[in-house]
Amino acid sequence: MSRAPNADFVMERLLQEAGREFPEWSFERHRSGWTATRDETRFTRPSLAALRAILRVHRTARRG
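Residues numbered from 1 in each chain as written. Predicted model: local features only at pLDDT ≥ 70, side-chain atom pairs only at ≥ 80, totals over all residues. Heavy atoms only, no water.

Focus: the pairing of strand β1 (residues 26–30)
Then step 1. Where β1 meets strand β2 (residues 33–38), five bridges bridge the pair, whose relative direction is antiparallel. When the bridges of β2 are listed, R29 appears paired with W34.
Then step 2. Between the end of β1 and the start of β2, which pair antiparallel, lie two residues. (Pairing = 2+ DSSP bridges. Helix = DSSP H or I, 4+ residues; strand = E, 2+ residues; numbered from the N terminus.)

Details of helix α2 (residues 48–63)
Then step 1. Between its first and last C-alpha, α2 extends 23 Å over 16 residues, near the 22 Å set by a 1.5 Å rise per residue.
Then step 2. The set of residues buried in α2 consists of L48, L51, R52 and L55. Down the axis of α2, the buried side of the element spans an arc of 95 degrees, and every buried residue falls inside it. When the buried face of α2 is taken as reference, the exposed residues oriented beyond 90 degrees from it are A49, V57, T60 and A61.
Then step 3. Tucked into the core, α2 has its buried residues touching α1 (7–21), β1, β2 and β3 (41–45). (Expected span 1.5 Å × (residues − 1). Buried < 20%, exposed > 50% of the residue type's maximum accessible area, 1.4 Å probe, protein only. Arc of directions from axis to C-beta. Contact = heavy atoms within 4.5 Å.)

Okay, here's the thing in structure tokens:
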């Protein structure tokens, strides 16, 4: 029988995915959520999923 991964392992994998999707951004977890920083631009959201979603919108807006 397989064991379910622990929460720290899952969060580390999600953070790695975020780093691959947004290599120019650095990610930091804190008590109120997550922050992504690139140069002078910072976004903070309550979850890593919400933060990645706003970064996708930001990336699209910059290209458009």
